[in-house]
Amino acid sequence: MKSIDSRIWLVLPAVLVLAVAFLGPVGWLLARAFTFPEPGLQNFAAIWERPVYLKVLGNTLLISAVVTPIVVLLAFPVAHLMAHGSARLRRWLIFLVLVPFWTSLLVRAFATAILLQRHGVVNSLLVALGLVDEPLPLLYNFVGLLAGCVQVLLPFVIFPLYSSMVRIDPAFMKAAATLGASPVRAFVRVYLPLTLPGLMTGGILVFISTLGYYVIPALLGGPRQQMISQMIQDQIATFGNWGMAGALSLVLLAATGGMLLLLQLTVGLKEVAR
Amino acid sequence: MTKTTRRTVLAGAAAATLPFGALPFNAIGQGAHDLKGTTVVFASWGGAYQEAEKAAYCEPFAKATGATVVQDGPMNVAKFRAMAGSGTPDWDVVDVTGGFLEVAAKDGLLEKIDPKLVHLDRIDPRFVHEYGVGCIVWSYNLGFSTTAFHNGTPKVWADLFDLQKFPGKRTLLDQPVASLEVALLADGVAPDKLYPLDADRAFKKLDGIKKQTVFWSTNSQSQQLFVDREVVAGIILNGRVYDAAQKGAKIDLSWEQNIQAVDYLVVPKGSRNRDAAMRLIDTMTVAENQTKVANMIAYSPTNLAGLKGIDPKIEPWLCTTPENLKKGFVMSQAYWRDNLAKLTERWTAWKLA
């Protein structure tokens, strides 16, 4: 039998912090789903009976499902250049990706709004160049939400992808070419599978982060982009209904768990953790 | 910090010899230094508004009573509930909206206002509640861009729904409160026939401008939408129009059918300084103190005597001048207390549809 690694004690502080500051309160909130205002399943019954809750949940999943592939597609070439470009280019790219990462989410949301509004930079430019006659509706709709989510979440995919890509030996691609593979085939059969761990990690991070988004849809989205976190916030802050907030959180958690399970069944989480 | 005058010394002596309950009412207002060592925590909405409250209510109170007033905030419903629910709130006096006052009173989160300690007679009776005393009155108004229209400007709520005469993007609050009232007023319902709201009729009316509407969730956002020329007309608070106009935005408001709402000072249930808290609220009822707040940020006094010393530049922006008061009405917070949850659900569903 293997003895317990003595270093396990080193994780104790982190575990304690998590238990006190995360598991406790979250457990308490989720338990309220079954006990507030009275014991029973009435909160879940309400979510089931009133279509607006499931609709918003579906909306949330859909938005996450659209945001994720867009972020991944945009992140891929950046990570690629970062991993295989010159050292100087890499430093610049890392710097450029990190700068917005250090900026407050709220500030970035407002900045995005300023860029995209009717008389904002983007629209003024498009009109001045004669590309459009009327300013395009880029804000307070799905486009605005997408712009906000994508730019905020890009680093979450770029970095895992980068760490997967730097470990790919450039000789592999040469070997594939020597063996007669076209560049496309070599990329699809050799390079892409090797980036999969980073791709999946980043993709999952983006998907799950988007599920819980609150500030971005509130500031950049439109009436139809209501997401579940906004409803949870409403339940607590406006109605003091901890039971409903707990129930909605539990449903969101279950949806997230379901997604991870789906991933485990299709790709395998081991692949991701590698 | 405290300036000793003959009066404060005398009052202090009176406080030392008399049990507190026996003090005549006016002695309390005149600076008996009997609260030395007491700390009262005052929570409000931060920003320029809380600065004004601090200067107009808290500082005179501290000076008169010797108490220390600590500023905290911002007011947050979830935080308030957690505090009052625990039985030992950190806050002693809190500035809340009329809507929350009703809900909190129903849920037993508030101390009753003590009429022995607060001069309720100074306040307009419409703004006195068993569990809170109105401190400011503000209103939802029809705000509009002064440069967007060439055939006059929108005057009544019906104009907000007239896309032919006043084309362009609108803004509404991202909640049924006020939005439904506005829709019904626009549809021809008289203010005294509004409650209970005919929600079906209101949502039907709102359908007409839904595609042209940007929804705001914070007051600063409503202001920004006008400043950025993102919208040309909509529902906005009078104080916000004043602020935006001061800062050079091309914005004005109509007083027709203005919908008035009140902020109240309340004492959370279980406050350890209940009496001191009541007396801080009493300081708020003084006309000059309310005038000071109004002159700092254009929110109206609830003590109508406070209107006397208002800066003439500020006065036209207040919803409680006799003229503006006549054009508007006070929103029914009791109605919203009982219907907010249901109608918010419907509001969300309507937005998604």
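Scroll up for the structure.
Residues numbered from 1 in each chain as written. Chains lettered and ligands numbered in written order. Predicted model: local features only at pLDDT ≥ 70, side-chain atom pairs only at ≥ 80, totals over all residues.

**What to know about the overall build of chain B**
Here is step 1 of the chain: A tally of helices and strands in chain B yields 14 helices and 10 strands.
Here is step 2 of the chain: Relative to the globule expectation of 20 Å for 353 residues, the C-alpha radius of gyration of chain B, 22 Å, shows essentially globular dimensions.
Here is step 3 of the chain: Counted over contacts in chain B with a minimum sequence separation of 6, partners at least 24 positions apart contribute 69%. (Helix = DSSP H or I, 4+ residues; strand = E, 2+ residues; numbered from the N terminus. Rg over C-alpha atoms; globule rule 2.2 N^0.38 Å. Contact = placed C-beta atoms within 7 Å.)

**Things to note about the overall build of chain A**
Here is step 1 of the chain: Of the regular secondary structure elements, chain A holds 13 helices and 0 strands.
Here is step 2 of the chain: Going from N to C terminus, chain A has its helices and strands arranged as α-α-α-α-α-α-α-α-α-α-α-α-α.
Here is step 3 of the chain: Over its C-alpha atoms, taken along the principal directions, chain A stretches across nearly 75 × 70 × 35 Å.
Here is step 4 of the chain: Residues counted as buried form 34% of the 274 residues belonging to chain A.
Here is step 5 of the chain: Expressed as a percentage of contacts within chain A between residues at least 6 apart in sequence, the contacts between residues at least 24 apart total 74%. (Buried ≥ 20, exposed ≤ 12 C-beta atoms within 10 Å, placed from the backbone.)

**So, the packing of helix α7 (residues 142-166) of chain A against helix α9 (residues 183-211) of chain A**
Residues and elements named next belong to chain A.
Here is step 1 of the chain: Contact pair α7 / α9: the axes reach a minimum separation of 7 Å and the direction vectors enclose 155 degrees. In this view, α7 runs roughly antiparallel relative to α9, as classed from their interaxial angle. In this structure, α7 meets α9 at a crossing whose hand is right-handed. Contacts from C149, L153, F156, V157, P160, L161, S163, S164 and M165 in α7 reach L194, T195, P197, G198, L199, T201, G202, G203, L205, V206, S209 and T210 in α9. (Axes fitted to C-alpha atoms, helices over the stretch in contact; angles between N-to-C directions. Parallel < 35°, antiparallel > 145°, perpendicular 65-115°, else oblique. Left-handed = near helix turned anticlockwise from the far one by under 90°.)

**Section: the pairing of strand β5 (residues 132-145) of chain B**
Residues and elements named next belong to chain B.
Here is step 1 of the chain: Taking burial as the measure, the 14 residues of β5 include 14 buried ones, the bulk of the element.
Here is step 2 of the chain: Note: strand β4 (residues 128-129) against β5, 2 bridges, orientation antiparallel. Note that in β5 the partner of V128 across the bridge is V133.
Here is step 3 of the chain: Turn length for the β4-β5 hairpin, with the two strands adjacent in sequence and antiparallel, is 2 residues.
Here is step 4 of the chain: Where β5 meets strand β9 (residues 251-266), 11 bridges bridge the pair, whose relative direction is antiparallel. Residue pairing for β9: V133 is matched across the bridge by L265.
Here is step 5 of the chain: With 5 bridges connecting them, β5 and strand β8 (residues 233-237) associate as antiparallel partners. Pairing of G143 across the sheet is with G234, part of β8. (Pairing = 2+ DSSP bridges.)

**Section: the nonpolar core**
Here is step 1 of the chain: L248 of chain A together with V133, V266 and L280 of chain B are the most contacted members of the largest nonpolar core, which totals 160 residues.
Here is step 2 of the chain: Top element by residues in this core is α7 of chain A. It accounts for 14 residues.
Here is step 3 of the chain: With near-sequence residues (within four places) excluded, V266 of chain B lies in contact with V94, V96, L101, A104, L110, Y131 and G132 of chain B. (Core = buried A, V, L, I, M, F, W, Y, C linked by C-beta atoms within 7 Å.)

**Overview of the packing of helix α7 (residues 176-186) of chain B against helix α8 (residues 199-207) of chain B**
Residue and element names in this part refer to chain B.
Here is step 1 of the chain: Across the interface, α7 lies against α8 with an axial gap of 8 Å and an inter-helix angle of 80 degrees. Classified by the angle their axes make, α7 and α8 are roughly perpendicular. Residues S179, L180, A183, L184 and A186 of α7 pack against A199, R201, A202, K205 and L206 of α8.
Here is step 2 of the chain: Looking at the contact of α7 with α8, its residues break down into 7 nonpolar, 1 polar and 2 charged. (Nonpolar A, V, L, I, M, F, W, Y, C, P; charged D, E, K, R; others polar.)

**Some remarks on helix α14 (residues 333-352) of chain B**
Here is step 1 of the chain: Across its 20 residues, α14 of chain B extends 26 Å between first and last C-alpha, which sits within 8% of the 28 Å expected from 1.5 Å per residue.
Here is step 2 of the chain: At N339 of chain B, α14 of chain B is deflected by roughly 65 degrees, the largest bend along its length.
Here is step 3 of the chain: Along α14 of chain B, the residues classified as buried are Q333, W336, L340, L343, T344, W347 and T348 of chain B.
Here is step 4 of the chain: Contact partners of the buried residues in α14 of chain B: α3 (51-84) and α11 (228-237) of chain A together with α5 (98-106), α7 and α8 of chain B. (Expected span 1.5 Å × (residues − 1). Bend = angle between axes of the 7 residues up to and from the residue.)

**Some words on the interface of chain B and chain A**
Interfaces are frequently sized by the accessible area removed from exposure as the parts join.
Here is step 1 of the chain: Of the residues lining the interface, 17 residues belong to chain B; the matching set on chain A comes to 19 residues.
Here is step 2 of the chain: Considering each element in turn, the side of chain B that touches chain A owes the most residues, 7 residues, to α14 of chain B.
Here is step 3 of the chain: A per-class count over the side of chain B that touches chain A returns 7 nonpolar, 4 polar and 6 charged.

**Overview of unusual backbone geometry**
Residues and elements named next belong to chain B.
Here is step 1 of the chain: P74 follows G73 through a cis peptide bond whose omega is -5 degrees.
Here is step 2 of the chain: As for its placement among the helices and strands, P74 is situated in the loop between β2 (68-72) and α4 (77-86).
Here is step 3 of the chain: At the junction of Y195 and P196, the peptide bond is cis and its omega measures out at -5 degrees in the coordinates.
Here is step 4 of the chain: Within the element layout of this structure, P196 appears in the loop between α7 and α8.
Here is step 5 of the chain: With phi around 55 degrees, Q257 is a residue other than glycine that occupies positive phi space.
Here is step 6 of the chain: Tracing the chain through its elements places Q257 in strand β9.

**Observations concerning the pairing of strand β1 (residues 39-43) of chain B**
Residues and elements named next belong to chain B.
Here is step 1 of the chain: With 4 of its 5 residues buried, β1 lies for the most part within the structure.
Here is step 2 of the chain: Handedness of the β1-helix α3 (residues 47-65)-β2 crossover: right-handed.
Here is step 3 of the chain: Relative to strand β3 (residues 93-97), β1 runs parallel, the two sharing 2 bridges. Bridged to A43 within β3 is V94. (Right-handed = clockwise from strand over helix to strand, strands pointing away.)

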